[in-house]
Each structure stands twice: as structure tokens, then as C-alpha cells.
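Now for the letters of each chain:
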Amino acid sequence: MTKSWMYVFALVCVIALFFLIKQFSKGLYMNLKSYIDNKNIKKVVNSQSMMNFISLVLAILSIGVTLDNDIRENLINFSEQYIIIIIIFSLIGFIILLNNISSKNDEIKSLQIDLRSETKELWKSYSDLDKFYKEKNLKNFIKVFLGNNPGMISIQQYYYTIYNHHDCLHITIWGENKVVREFADLNTISQGHYSFNHSDLKELLQAYSDSRKSLSSKDLSSDDYAPMGELFSRWAEELSKKEPDSYDDSDSIRYQMLLILVDLLSTGLSINLIIPLEEKQLARLKGRKSGIEIARFLLIDYIKIHSNPDSFSYQGLSDSKKNRIYSNIQVENPEGENVVFVLTHDGNAEYSDPVTIERITQTNEKFIELLQENS
């Protein structure tokens, strides 16, 4: 072996030793840091450093082969003598390189997954923040609207769902967004569940269809309210035969459906129909389930039976709540959720019923108009 070959070989060994020491010390430091922080040993070999090292070795060998014929001959002899070993180490190096490339690809995929996950969280946070400000703006609008309408006492906002399940139609109401005029006494509901029996609904709809022939014939003289009158008498009699203390939720629901019949018959026959129940029975049925009047009007809208505007008067025992009239406004918010607003009006006895209804109707229409502008 010539001196030039020895010099080149020594230079390669020194450079190789330098890179190995550098890589080992770096890997040792990273391993110790990783163990202390995460107790998880990371890879020592870095694919980029390995490629730099191999490229440098090949560059030095190429220079040596170009400058000295003896180096070229010795390299050829060495290759022929140790061809198997060279192939094996080349394969090992190639496998290590592929493994590092695969690891990098896995890291890239993991980062992409993390990025997508963080992006979803970011959009969710933005959506939550957007919803928060919309609800805040809505509450401010409700507060201002109440302040500008002295004939109103409160505005309550509820979310609701209506769905069929087995033998009942279920209505669920929930929400705590409300604005109440100072010193006003008001009952609200955090959440309410109401189940209307399918068989009762079927009877109600059938009696309504049989009584209102004019809906199809367009001839009001064809209406015959006897079917609804018979259903009213039967349901009222069933409730009147029961003791007040024996009433359950189903009786309270039946009473609300009886009120639907009262409204339809009173309007259709132009009479003041009274449910034949004792005061104690009525008090028990009215006070059993809070918020059930809201559910009744949601039911009326769902089954498409209307006669008068969606309003009802206070029927409890509190003197501070007498002369109150409640109206319901149903909307779908931008998120696709069903919302009902319950507006409490002061039904001042100084006004006649037509004037009061007109005033409430105008207030409701104005509320809907401004609500759409602020949505």
C-alpha cells in the first residue's frame, strides 16, 4: 500500500471517528434528556447525519481513486476479496436508511393527524365562541325589547324537541335564558318532559277532522261540532270522577288536551265553554306540571290545529300573577335548534279582550321582526 493510500485511509478513519463520536455524544445526550423528561429512549442514528457521513466517505474515496492509480487497484482488489461483506454491509445500511425514512414518514403522518385534530379543536372553539356571542347578543336584545315595551313583564327562551317514542309523543323543554322586569314574580322551568298518549291524539285529530268538514269543502255550513263536543264531554267526565289527590301526570296531560277542545269549540260555536270540574280538581290539574302550557302550544303547532293566537292567561292562585297573558313564538335558530320564546304580557283589565289581543299580536309581530334582524 502506497503512502498516498495510507494518508487517504487515515483521513477517512479520522473523519469517520469524528462523526461517530459526534453522533454518539449527541445521541447519548438526547437519550439522557429523553429519559429524564419522558422516560422514553429515542433513536441514536439520525438519517440525515448518516447520509452526510456516507457522502463524505464516498467523496474522499473518489478523490483518492482519481489522484492515485495504486489506490484504484487496491480498492478493486479489496472489493473483489471482500465482496460478500461489502454487499452485506450495503444491505444493512440500505435497510437502516429505509427504516429511518419510514420513521420520518410515520412522524409526518402523526404530525398531520395532530394538525387535523388541533384544527378541529380550533374550529370547535371558534364555534363555541361564536355561539356564546350570539347568545349574549340575543339576551341583550331581549333585555332592550322588554325595556321598550311597558306592557310586558318578562321574556323567556327555551329549547325544545318533539319526537315519537312507542305509544307517546314526547316534548322536552329546557333553558334558563330569561329577562324579568324588576319586582315581578315569575315561575320558570329548567327542564320539563311531557308525554302525550298517541291514542288520545288520534281521538282528538279524528274528532277535529269529523267536525271541521269545511277544511276540505270550503263550506262553513258543513261543519258539525258534535264529534268534538262528545269527546269533550267524555274526557271531562272521566276527570270529574277522580279524586284530586289521585290525579297523576297523565291526567294533567289529558286536561291540557281538554283545553284544546275548549278553545276549538268556543271559537267554532261562539260560546263560553266551561270545563265541569270543581275548583280543587282544577287547582290540582293546573299546578301538577310546570311549563305544561308551553308544551300544549307546541303540540297545537305540531298537529296543525289552530283557532286563536298562541296565548293563554294565568290560571294559578297567586294574586301577583293575575291578569297575565302568555304568548308563544316558535323559531329555528341559525344552528337548526328549535326555540320557543314565552312572552308575558300584562292583561290590563282596563282594555277589552279584542283590544288586548290586538296589542299582544302587534307586540309579538314586532318581536319576531326584530328577532330576525338580530339573528
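In case you missed it, the structure is sitting above this.
Treat the numbers as computed from the prediction; the structure is a model and nothing was measured.

**A look at the overall build of the protein chain**
Moving on, step 1. When its secondary structure is counted, the protein chain shows eleven helices and six strands.
Moving on, step 2. For the protein chain, the proportion of contacts with a sequence separation of at least 24, taken over those separated by at least 6, is 60%.
Moving on, step 3. When the accessible surface of the protein chain is totalled, it reaches about 23900 Å², and 57% of it is carbon and sulfur.

**Here we look at helix α8 (residues 249-269)**
Three- or four-residue spacings in an α-helix give side chains the same orientation, since the helix completes a turn every 3.6 residues.
Moving on, step 1. A rise of 1.5 Å per residue sets the reference length of α8, with its 21 residues, at 30 Å; its end C-alpha atoms lie 30 Å apart and thus fit the reference within 8%.
Moving on, step 2. Two residues or fewer past α8, serine 270 is found with a positive phi of approximately 55°.

**Observations concerning the nonpolar core**
If you look at soluble globular proteins, the nonpolar side chains tend to sit buried side by side.
Moving on, step 1. Ile173, Phe196 and Leu204 are the most contacted members of the largest nonpolar core, which totals 46 residues.
Moving on, step 2. Setting aside anything within four residues of it in sequence, one finds isoleucine 173 in contact with Tyr158, Tyr159, Tyr160, Ile189, Ser190, Gln191, Gly192, Tyr194, Gly291, Ile294, Ala295 and Leu298.
Moving on, step 3. By size, the runner-up hydrophobic cluster in this structure holds 15 residues, among which are Leu138, Ile142, Leu146 and Val179.

**Quick look at the packing of α8 against helix α10 (residues 292-302)**
Moving on, step 1. Remark: α8 packs on α10, axes separated minimally by 10 Å, with the N-to-C direction vectors making an angle of 55°. By the angle class used here, α8 and α10 are oblique. When the axes of α8 and α10 are compared, the crossing they make is right-handed. Where α8 abuts α10, its residues Ser252, Ile253, Gln256, Leu259 and Ile260 lie against Ile292, Glu293, Arg296, Leu299 and Ile300.
Moving on, step 2. Here the contact of α8 with α10 is composed, by residue class, of six nonpolar, two polar and two charged.

**Thoughts on the packing of aromatic side chains**
Moving on, step 1. In this structure the tally under the stated criterion is five aromatic pairs.
Moving on, step 2. Geometrically, the ring pair formed by tyrosine 159 and tryptophan 174 is stacked, given 6.1 Å between the ring centres and 25° between the ring planes. Within this pair, whereas tyrosine 159 is found in strand β1 (residues 152-165), its partner tryptophan 174 is found in strand β2 (residues 168-180), the two being separated by 15 residues in sequence.
Moving on, step 3. Taking relative accessible area as the criterion, tryptophan 174 reaches 31% and is therefore assigned partly exposed.
Moving on, step 4. Measuring from centroid to centroid gives 5.3 Å for phenylalanine 341 and phenylalanine 367, while their planes differ by 70°, and the two rings are edge-to-face. Residue phenylalanine 341 is found in strand β6 (residues 338-346), and its partner phenylalanine 367 is found in helix α11 (residues 353-373); the two are separated by 26 residues along the sequence.

**A short note on the packing of helix α5 (residues 198-211) against α8**
Moving on, step 1. Packing of α5 against α8 brings their axes to within 11 Å, and their N-to-C directions diverge by 5°. The orientation of α5 relative to α8 falls into the category roughly parallel. Of the residues in α8, those touching α5 at Asp200, Leu201, Leu204 and Tyr208 are Arg254, Met257, Ile260, Leu261 and Leu264.
Moving on, step 2. Across the contact of α5 with α8, the residue classes break down as seven nonpolar, no polar and two charged.

**Let's talk about a nonpolar patch on the surface**
Moving on, step 1. There is a patch of nonpolar side chains on the surface, built from Leu129, Phe132 and Tyr133 and spanning about 310 Å² of accessible area.
Moving on, step 2. Examined against the element boundaries, leucine 129 turns out to sit in helix α4 (residues 83-147).
Moving on, step 3. By relative accessible area, leucine 129 is classed as partly exposed at 44%.

**A short note on α10**
Moving on, step 1. Within α10, eight of the eleven residues are buried, which leaves it mostly tucked inside the rest of the structure.
Moving on, step 2. Listing the buried residues of α10 in full gives Ile292, Ile294, Ala295, Arg296, Phe297, Leu298, Leu299 and Ile300.
Moving on, step 3. In the segment just after α10, lysine 304 is the residue with positive phi, at about 60°.

**Considering the environment of isoleucine 303**
Moving on, step 1. Structurally, isoleucine 303 is set in the loop between α10 and β4 (311-313).
Moving on, step 2. Residue isoleucine 303 is classed as buried on the basis of its relative accessible area of 14%.
Moving on, step 3. Isoleucine 303 has contacts with Leu204 and Leu205, leaving out every residue within four places of it along the chain.

**Describing the pattern of salt bridges**
Moving on, step 1. According to the stated counting rule, one finds nine salt bridges in the structure shown.
Moving on, step 2. The partner of arginine 288 in a salt bridge is aspartate 249, and the shortest N-O contact between them spans 2.8 Å. Placement of the pair is arginine 288 in the loop between α9 (279-286) and α10 and aspartate 249 in helix α8, with a sequence separation of 39 residues.
Moving on, step 3. A relative accessible area of 36% means that arginine 288 is categorised as partly exposed.
Moving on, step 4. The exposure class assigned to aspartate 249 is partly exposed, which follows from its relative accessible area of 34%.
Moving on, step 5. Across the salt bridge formed by lysine 289 and aspartate 249, the nearest N and O atoms sit 3.9 Å from each other. Taken together, the positions of lysine 289 in the loop between α9 and α10 and aspartate 249 in helix α8 put the pair 40 residues apart, joining distant regions of the chain.
Moving on, step 6. Where salt bridges share partners, they join Asp200, Glu203, Arg234, Glu238 and Arg254 into one cluster.

Procedures and definitions
Every chain is numbered independently, its residues counted from 1 as its sequence is written. Where local features are concerned, this predicted model is filtered to residues with pLDDT of at least 70; where side-chain atom pairs are given and counted, the filter is 80 or more; whole-chain, interface and lining totals use all residues. Only hydrogens and water are set aside; all other atoms, that is, all heavy atoms of the structure, feed into the side-chain values. In this text, helices come from DSSP runs of H or I with a minimum length of four residues, and strands from runs of E with a minimum of two, each type numbered from the N-terminal end. The contact definition used throughout considers only heavy atoms, calling two residues in contact when any of these lie within 4.5 Å. With residues, only the protein chains shown are counted as cover, and all accessible areas are computed by Shrake-Rupley using a 1.4 Å probe. To estimate how far a helix should extend, the number of its residues minus one is multiplied by 1.5 Å. The criterion is simple. A nonpolar core is a set of buried Ala, Val, Leu, Ile, Met, Phe, Trp, Tyr and Cys residues joined through side-chain atoms within 4.5 Å. Classification of residues uses two cut-offs on accessible area relative to the type maximum, computed with a 1.4 Å probe and protein chains only: under 20% is buried, over 50% is exposed, and between them is partly exposed. Between N-to-C directions, angles cover 0 to 180 degrees, with each direction set by a line fitted to C-alpha atoms, over the stretch in contact for helices. In what follows, roughly perpendicular refers to angles from 65 to 115 degrees, roughly parallel to angles under 35, roughly antiparallel to angles over 145, and oblique to any angle outside these ranges. Left-handed describes a crossing in which the near helix is turned anticlockwise from the far one by less than a right angle; the clockwise case is right-handed. Residue polarity follows a fixed list, in which Ala, Val, Leu, Ile, Met, Phe, Trp, Tyr, Cys and Pro are nonpolar, Asp, Glu, Lys and Arg are charged, and the others, Gly among them, are polar. Two rings belonging to Phe, Tyr or Trp (six-membered ring only in the last case) form a pair when the distance between their centres is within 6.5 Å. Interplanar angles under 30 degrees mark stacking, angles over 60 mark edge-to-face geometry, and anything in between is tilted. Patch criteria: residues need more than 30% relative accessible area and no salt bridge. Like-charged residues are merged within 9 Å; nonpolar side chains of Val, Leu, Ile, Met, Phe, Trp and Tyr are merged within 5 Å. Within this document, salt bridges are pairs made up of a side-chain nitrogen of Lys or Arg and a carboxyl oxygen of Asp or Glu, the two lying within 4 Å of each other.

Keep in mind that these numbers describe shape and distance, not what the molecule does.
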